[in-house]
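Spelled out, the chains give:
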Amino acid sequence: MSADTARDAEARIEELARQVDDLVALCERLRTENDSLRHQQESLSGERARLIEKNEQARARVEAMISRLKAMESS
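These remarks concern the structure in this document. Everything quoted here is computed from the prediction, not taken from an experiment.

**Digging into the overall build of the chain**
Okay, so step 1: Secondary structure summary: the chain contains one helix and zero strands in total.
Okay, so step 2: Here the C-alpha atoms of the chain give a radius of gyration of 32 Å, more than 25% beyond the 11 Å that 2.2 N^0.38 yields for 75 residues.
Okay, so step 3: Principal axes of the C-alpha set define a box for the chain whose edges measure 110 × 15 × 10 Å.
Okay, so step 4: The buried share of the chain, reckoned over its 75 residues, is 0%.
Okay, so step 5: Approximately 7,000 Å² of the chain is accessible, and the part contributed by carbon and sulfur atoms is 56%.
Okay, so step 6: Put simply, the chain has 13 plus and 16 minus side-chain charges, and the middle of one group is 12 Å from the middle of the other.

**Some points on the pattern of salt bridges**
When their charged atoms lie close together, side chains carrying opposite charge are able to pair.
Okay, so step 1: Summed over all chains, the structure comprises five salt bridges.
Okay, so step 2: With a shortest N-O distance of 3.6 Å, Asp-35 and Arg-38 are connected by a salt bridge. Separated by three residues within a single helix, Asp-35 and Arg-38 lie in helix α1 (residues 3-74), roughly one turn from each other.
Okay, so step 3: Given the relative accessible area of 43%, Asp-35 is considered partly exposed.
Okay, so step 4: Classification of Arg-38 as partly exposed rests on a relative accessible area of 46%.
Okay, so step 5: The network of salt bridges with shared partners includes Glu-15, Arg-18 and Asp-22.

About the thresholds
- Residues numbered from 1 in each chain as written.
- Predicted model: local features only at pLDDT ≥ 70, side-chain atom pairs only at ≥ 80, totals over all residues.
- Heavy atoms only, no water.
- Helix = DSSP H or I, 4+ residues; strand = E, 2+ residues; numbered from the N terminus.
- Rg over C-alpha atoms; globule rule 2.2 N^0.38 Å.
- Buried < 20%, exposed > 50% of the residue type's maximum accessible area, 1.4 Å probe, protein only.
- Areas by Shrake-Rupley, 256 points an atom, 1.4 Å probe, with all protein chains shown as cover.
- Lys, Arg positive; Asp, Glu negative; His and termini not counted.
- Charge placed at Lys NZ, Arg CZ, Asp CG, Glu CD.
- Salt bridge = Lys/Arg side-chain N within 4 Å of Asp/Glu carboxyl O.

Any link to function would need more than the numbers given here.
In structure tokens, the structure reads:
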């Protein structure tokens, strides 16, 4: 193997090593972001469930008030 060929091969290997390092760093960032997004989704799902429950409670109270008003109107 000539000196030029050896240098070219070494340069390619170094470039591949750099690309692998970049990919590893990207995977780590994406994993962290994915974990954060999962946590955020769980939090938002919980909040949504609480808001749905509050909405149902408010609806039940309004319906009860309407029923009482209709009963008073009929009397």
